[in-house]
Amino acid sequence: MDAPTLSPASTAPSPCAGTVDPALLAKYDGLRVPRYTSYPTAPHFTPAVDASVYGGWLEAMDLTRSGSLYLHVPFCHQMCWYCGCHTKIVARYAPIAEYLDHLRREIAMVADRIPGRLTVRHIHFGGGTPTMMAPADFESLIALLRERFDVATDAELAIEIDPRTLTAEMAAALGRSGVNRASLGVQDFDPTVQAAINRIQPRETTERTLEWLREAGIANVNLDLMYGLPHQSVESVARSARIALEMAPDRLSVFGYAHVPWMKTHQKKIDESVLADTLGRWEQFAAIADTLAEAGYRAIGLDHFARPGDELAVQQEEGRLGRNFQGYTTDDADALIGFGASSIGALPQGYIQNAVPFDQYATAIDEGRLPTGKGIALTDDDRLRRDLIMRLMCDLSVDAGAVAEAHGRDAGVFDADLAAMDDLVADGVAAIEGRRVSVPEAARPLMRIVAARFDTHLASGAGRHSRAV
Ligand code: SF4
């Protein structure tokens, strides 16, 4: 039998539209590969990178280069059944206040270890629901960051927002603090889907949030949509995408629901019988992508979409797009410092993740230690492969020989990896010309499978990643 192939429809405008051979999807169904927001990926972090290693890295920081900050706020009002984040449901403010106290002390501890004032060009608040902070607490946190770091006047200050709980007062505080980018969780506008994921968010709630943000001067908005959720269909996700477009976001992120109830027990509340199968998921993603492409949005990497003039789209066109733990980014800083329980940082020497359980995180800070849980020190080979994988994830095409030479290596260092990709080439998932490997448009959602072929760490952690399709 011939190998199954992906055959793009020649006239389709979509980044992924095309007829997909179900046999091919069946072949890759169940394959678990990383999302490559880092390389090596988080399952390969170990306790060998501890507080003393991280402290040494901070002390060696090159202050001629700029940095970025990520602050994690792991609290929510109510659990969404699909959630895959590190978060905790709280009804009172006391745990948040206690957490913020530790966060401030961690910021001071880290800033003290850096040999001077680091220039910061990006700050991102993620969660959880960072806007659960009281407005005054948020403003004082921003003031502390400005006191301990040189936050550039044109820095991007971004925050993730749950429209169900944002208040007008908090929106105004965000504006006063200099926040200039907001990412709103929407997922789906269909009431049946919203009921099935325990996230009731009428369209008016999202619209009201956008109004408050724009009144506060926050004009750059990202909306998050999802596919693969219970009761979603090709028609319903396209409808949600059209509603989202009416709200005129600059960017949209489109994520597939990862059903892992053995890891996230609240996902057991999701009725598996109303989840789409692999082909259905693929078609849902394609329907959203088609809808956004028809409206003029550019596909960015795996799962982002942006208006043509948006910086994300511009950087992709210029081959400068980056990828970090928040997804695709315009942030090209050398050092990303993570604050808060479970946050991940990236320094030139390697990756660092803070302790995940709050009590471990808090105890370390109470004892005057950096709350480092684990991490990984990069080898030269990791750096080489990271560059190749990131270019592939951002550009869908990379000259492996040029990457090798840029690292002072022989141009043929990836030849064995390329030679072992005959099956992907036969399936239409990858194309190879000389030493350039590309992911055809029709196979865009499968780019992680191609990237994984360059991942020398994968064999020891494959079971801990999300499904490839
Ligand atoms: S708001 Fe976000 S972080 Fe909180 S439970 Fe829902 S999906 Fe998870």
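Only a predicted model underlies this, so the values are computations on that prediction, with no experimental measurement involved. (Residues numbered from 1 in each chain as written. Predicted model: local features only at pLDDT ≥ 70, side-chain atom pairs only at ≥ 80, totals over all residues. Heavy atoms only, no water.)

Engineer: Got a minute to help me understand the overall build of the protein in this structure?
Structural biologist: Looking only at helices and strands, one finds 16 helices and 21 strands in the protein. Rg of the C-alpha trace for the protein: 22 Å, near the compact-globule value of 23 Å for 469 residues, within the 12% margin. By principal-axis analysis of the C-alpha atoms, the protein measures approximately 65 × 55 × 40 Å. When burial is assessed residue by residue, the protein has 56% of its 469 residues classed as buried. Taking the intrachain contacts of the protein between residues at least 6 apart in sequence as the baseline, contacts between residues at least 24 apart amount to 73%. Accessible surface, the protein as shown: approximately 18600 Å² in total, 51% of it carbon and sulfur. Taking the average place of the 45 positive charges on the side chains of the protein and the average place of its 62 negative ones, the gap between the two points comes to 3 Å. (Helix = DSSP H or I, 4+ residues; strand = E, 2+ residues; numbered from the N terminus. Rg over C-alpha atoms; globule rule 2.2 N^0.38 Å. Buried < 20%, exposed > 50% of the residue type's maximum accessible area, 1.4 Å probe, protein only. Contact = heavy atoms within 4.5 Å. Areas by Shrake-Rupley, 256 points an atom, 1.4 Å probe, with all protein chains shown as cover. Lys, Arg positive; Asp, Glu negative; His and termini not counted. Charge placed at Lys NZ, Arg CZ, Asp CG, Glu CD.)

Engineer: Can you help me understand the pattern of salt bridges in this one?
Structural biologist: When the charged atoms of two side chains lie near each other, side chains of opposite charge can form a pair. Tallied over the entire structure, the rule returns 29 salt bridges. For Arg320, the salt bridge is made with Glu311, and the minimal N-O distance between the two is 3.9 Å. With a relative accessible area of 37%, Glu311 lands in the partly exposed category. The network of salt bridges with shared partners includes Asp101, Arg105 and Asp366. (Salt bridge = Lys/Arg side-chain N within 4 Å of Asp/Glu carboxyl O.)

Engineer: Looking at this structure, I do not really get the packing of helix α3 (residues 94-113) against helix α11 (residues 358-366). What am I missing?
Structural biologist: How two helices pack is summed up by the angle between their axes together with the distance between the axes. One can describe the packing of α3 onto α11 by two numbers: an axis separation of 10 Å at closest approach and a directional angle of 50 degrees. With respect to each other, α3 and α11 are oriented oblique. Remark: the crossing between α3 and α11 carries left-handed chirality. Note on element contacts: α11 touches α3 through Phe358, Tyr361, Ala362, Ile365 and Asp366, opposite Glu98, Tyr99, His102, Leu103, Arg105, Glu106 and Met109. (Axes fitted to C-alpha atoms, helices over the stretch in contact; angles between N-to-C directions. Parallel < 35°, antiparallel > 145°, perpendicular 65-115°, else oblique. Left-handed = near helix turned anticlockwise from the far one by under 90°.)

Engineer: Honestly, unusual backbone geometry in this entry has me stumped. Any pointers?
Structural biologist: Trans is the common state for peptide bonds, and a negative phi is the common state for residues other than glycine. Omega for the peptide link from Tyr39 to Pro40 comes to -5 degrees, which places this bond in the cis form. Within the secondary structure layout, Pro40 lies in the loop between α1 (22-28) and α2 (51-59).

Engineer: Any chance you could explain helix α7 (residues 203-215) here in plain terms?
Structural biologist: One full turn of an α-helix is made of 3.6 residues, so residues set three or four places apart face in the same direction. In a regular helix each residue adds 1.5 Å, so 13 residues correspond to 18 Å; α7 covers 19 Å between its end C-alpha atoms and thus fits that length. Along α7, the positions that sit buried rather than exposed are Thr205, Thr206, Thr209, Leu210 and Leu213. Viewed end-on, α7 has its buried residues packed into an arc of 135 degrees, placing them on one side of the element. Residues Glu204 and Glu215 are exposed on α7 and point more than 90 degrees away from its buried face. The inward-facing, buried residues of α7 abut β7 (150-161), α5 (168-177), β8 (181-187) and β9 (220-227). Backbone geometry just downstream of α7 places Gly217 in the positive-phi region, at approximately 90 degrees. (Expected span 1.5 Å × (residues − 1). Arc of directions from axis to C-beta.)

Engineer: How do you make sense of the site of the ligand when you look at a structure like this?
Structural biologist: With respect to spatial proximity, the complete set of residues near the ligand consists of Cys76, Gln78, Met79, Cys80, Tyr82, Cys83, Cys85, Gly128, Thr129, Asp162 and Arg199. Broken down by class, the residue content of the shell around the ligand amounts to six nonpolar, three polar and two charged. (Near = heavy atom within 4 Å. Nonpolar A, V, L, I, M, F, W, Y, C, P; charged D, E, K, R; others polar.)

Engineer: How should I be thinking about the layout of surface pockets in this particular structure?
Structural biologist: Using a probe with the size of a water molecule, rolled over the atoms, empty space left in the structure can be pinpointed. Roughly 690 Å³ of internal volume is contained in the second largest pocket. Around the second largest pocket sit 28 residues that line it, and Arg323, Asp331, Asp332, Ala333 and Arg386 are the ones nearest its centre. Elements supplying a minimum of two residues to the lining of the second largest pocket: β13 (322-324), β15 (335-339), β16 (344-347) and α12 (380-395). It is α12 that provides the largest number of residues to the lining of the second largest pocket, a total of four residues. Across the lining of the second largest pocket, the residue classes break down as eleven nonpolar, eight polar and nine charged. When we break the lining of the second largest pocket down by domain, the ones giving at least three residues each are domain 1 (15-40 + 379-460 + 465-469) and domain 2 (41-339). (1 Å grid on protein atoms, 1.4 Å probe; cavity = no way out; pocket = protein on both sides within 12 Å on 5 of 7 lines; lining within 4 Å. Points joined across faces, edges and corners; volume = space filled by probe spheres on them. Domains from an automatic or database assignment.)

Engineer: Teacher, can you tell me more about the nonpolar core here?
Structural biologist: A general tendency of soluble globular proteins is for nonpolar side chains to be buried together. Ranked by internal contacts, the top residues of the largest apolar core, which has 81 residues, are Leu71, Phe125, Phe149, Leu174 and Ile337. At eight residues, α3 tops the list of elements feeding residues into this core. Those residues in contact with Phe149 that sit more than four places away from it in its chain are Leu69, Ile107, Ala111, Ile114, Arg117, Leu118, Val120, Ile337 and Phe339. Among the nonpolar cores identified, the runner-up in size contains 43 residues, and Met393, Ala430, Phe454 and Leu458 belong to it. (Core = buried A, V, L, I, M, F, W, Y, C linked by side-chain atoms within 4.5 Å.)

Engineer: I'm lost on the sheet that holds strand β19 (residues 397-399) in this one. Help?
Structural biologist: Consider a sheet: its strands pair through backbone hydrogen bonds, and that pairing is either parallel or antiparallel. Taken in spatial order, the three strands make up an open sheet running β19-β21-β20, and their pairing is antiparallel. Either end of the sheet is taken by a strand with one partner, and the two such strands are β19 and β20 (431-433). When strand polarity is set aside, the average angle formed by the axes of neighbouring strands in this sheet is 15 degrees. Strand direction decides the pairing type here: β19 and strand β21 (residues 436-438), joined by three bridges, are antiparallel. When the sheet's bridge partners are listed, Ser397 is paired in β21 with Ser438. Here α12 sits on the sheet in contact with β19 and β21, set at roughly 145 degrees to β19. (Pairing = 2+ DSSP bridges.)

Engineer: Looking at this structure, I do not really get the environment of Ile352. What am I missing?
Structural biologist: Within the secondary structure layout, Ile352 lies in strand β17 (residues 350-354). Non-local contacts of Ile352, meaning those with residues more than four positions away in its chain, are made with Tyr54, Trp57, Ser343, Ile344, Gly345, Ala346, Leu347, Thr372, Lys374 and Gly375.

Engineer: Help me out: how do you make sense of α5 in this one?
Structural biologist: Buried within α5 are the following residues: Met170, Ala171, Ala173, Leu174 and Ser177. Seen end-on, α5 carries its buried residues on one side only, within an arc spanning 160 degrees. Opposite its buried face, α5 presents the exposed residues Glu169 and Arg176, each directed more than 90 degrees away. Elements that come into contact with the buried residues of α5 comprise α4 (135-148), β7 and α7. Just downstream of α5, Gly178 is the residue with a positive phi angle, here 95 degrees.

Engineer: Before we go on, may I ask you to explain empty space enclosed by the protein in this structure?
Structural biologist: Applying the stated criterion across every chain yields a total of one cavity of 30 Å³ or more. The calculated volume of the largest cavity comes to roughly 30 Å³. Lining the largest cavity are Tyr54, Gly338, Ser343, Ile344, Gly345, Ile352, Gln353 and Asn354. Residue assignment for the lining of the largest cavity shows that the elements contributing at least two residues are β16 and β17. Broken down by element, the lining of the largest cavity gets its largest block of residues, three residues, from β17. For the lining of the largest cavity, the per-class residue count stands at three nonpolar, five polar and no charged.

On their own, these measurements won't tell you what the molecule is for.
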